[in-house]
Amino acid sequence: MPGSTVLATVLETAPGHASPGRSGAGTVPASWYGRPSVLPVIATSPGWVRVRLAQRPNGSSAWLPASDVRLSSTPYRIVVYLPTTRLALYDHGRLVFSAPAGVGTPDDPTPAGEYFVAFDEQPPQPNPGYGPFIIVTSAHSLSIKDWEGSGDAVIGIHGPLGEDSEIGTTGARISHGCIRLHDQALEMLGAVPPGTPIDVVS
């Protein structure tokens, strides 16, 4: 279907392949941070799928036997436009909405590239402005290796952290790399499933 992306749910942790039948791409886990690995398919070969991975380094991918995954699809795509500090949601290639976004500062930029929604999670409590949920993405900061002792610095999409006025109507460069939205805009992403592509355009 035009504008849709095929997704692969990994059935069990398995070796990744650098090309069909040739190992050497590490391990593809069946879960990441306790959530199922639902990965966008970026290429196919008879009996094989190439999937984008959530782990560092950004842009990692691996081939898996098609028998190791369950296929589905998503009609959605999220695009973050860094030059104009806006986020847009598309459904089958049709623009659903566009909203101002808070993105990374020059010192801690939001990394450009092709990523995906890894999973949604509930915000920490007490909630200091993360909004109704946090979208955890497959993107990792290039300037921060260990955010607050977490062992990683994963880029999230979440609420404004109390800085609605700084995001305003035009967006701003105010974060450590995460994408901040007004709560109303974040709620518009509630139906977007894991595996949905995210393009961060520089």
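Residues numbered from 1 in each chain as written. Predicted model: local features only at pLDDT ≥ 70, side-chain atom pairs only at ≥ 80, totals over all residues. Heavy atoms only, no water.

A. A look at the overall build of the chain. The number of helices and strands found in the chain is 2 helices and 19 strands. For a compact globule of 202 residues, the expected C-alpha radius of gyration is about 17 Å, and the chain comes in at 17 Å, within 12% of that figure. Here the analysis covers contacts within the chain between residues at least 6 apart in sequence; of these, 59% occur between residues at least 24 apart. If you sum the accessible surface of the chain, you get close to 9,300 Å²; carbon and sulfur atoms cover 54% of it. One finds the centroid of the 12 positive side-chain charges in the chain at a distance of 9 Å from the centroid of its 17 negative side-chain charges. (Helix = DSSP H or I, 4+ residues; strand = E, 2+ residues; numbered from the N terminus. Rg over C-alpha atoms; globule rule 2.2 N^0.38 Å. Contact = heavy atoms within 4.5 Å. Areas by Shrake-Rupley, 256 points an atom, 1.4 Å probe, with all protein chains shown as cover. Lys, Arg positive; Asp, Glu negative; His and termini not counted. Charge placed at Lys NZ, Arg CZ, Asp CG, Glu CD.)

B. Inspection of the side chain of Thr137 at higher detail. Considering the arrangement of structural elements, one finds Thr137 in strand E15 (residues 134–140). A distance of 3.0 Å separates a polar atom in the side chain of Thr137 from the backbone nitrogen of Ala139. For Thr137, the side chain forms a polar contact with the main-chain oxygen of Ile155, separated by 2.8 Å. (Polar contact = N/O pair within 3.5 Å; in protein donor to acceptor, adjacent residues only side chain to side chain.)

C. View of the nonpolar core. Ranked by internal contacts, the top residues of the largest apolar core, which has 25 residues, are Ile78, Val80, Leu87, Ile157, Ile179, Leu181 and Leu189. Breaking this core down by element, the ones donating at least two residues are strand E10 (76–81), strand E11 (86–91), strand E12 (94–100), strand E14 (113–121), E15, strand E16 (154–158), helix H2 (183–187) and strand E19 (197–201). Take this core: its biggest share by element is 3 residues, from E10. Beyond its immediate chain neighbours, meaning those up to four positions away, Leu189 contacts Ile78, Leu87, Leu89, Phe97, Phe133, Ile135, Ile157 and Leu181. Membership of the second largest hydrophobic core comes to 20 residues, among which are Val10, Leu53, Ala54 and Leu64. (Core = buried A, V, L, I, M, F, W, Y, C linked by side-chain atoms within 4.5 Å. Buried < 20%, exposed > 50% of the residue type's maximum accessible area, 1.4 Å probe, protein only.)

D. Inspection of the environment of Pro100 at higher detail. Structurally, Pro100 is set in strand E12. Separated by 50 residues in sequence, Pro100 and Arg50 place their C-alpha atoms 33 Å apart. Setting aside its immediate chain neighbours within four residues, Pro100 contacts Thr85, Arg86, Ile167, Gly168, Thr169, Thr170, Gly171, Arg180, Leu181 and His182.

E. A look at the pairing of strand E7 (residues 48–52). Counting buried positions along E7 gives 4 out of 5 residues, so the element sits mostly inside the fold. Alignment of strand E6 (residues 38–45) against E7, held across 4 bridges, turns out to be antiparallel. Within E7, the residue paired with Ala43 across the bridge is Arg50. Counting the residues between successive antiparallel strands, the hairpin from E6 to E7 contains 2 residues, one of them, Gly47, with a positive phi of roughly 85°. (Pairing = 2+ DSSP bridges.)

F. Representation of the packing of aromatic side chains within the structure. Overall, the coordinates contain 2 aromatic pairs when judged by the stated rule. On the numbers, 4.8 Å between centres and 65° between planes, the contact of Trp32 with Tyr33 is edge-to-face. The exposure class of Tyr33 is partly exposed, given its relative accessible area of 46%. Ring geometry for Trp32 against Phe119: centres 6.2 Å apart, planes inclined by 65°, an arrangement best described as edge-to-face. Within this pair, whereas Trp32 is found in strand E4 (residues 31–32), its partner Phe119 is found in strand E14, the two being separated by 87 residues in sequence. One aromatic cluster is present, built from ring pairs that chain together Trp32, Tyr33 and Phe119. (Phe/Tyr/Trp six-rings, centres within 6.5 Å; stacked < 30°, edge-to-face > 60°.)

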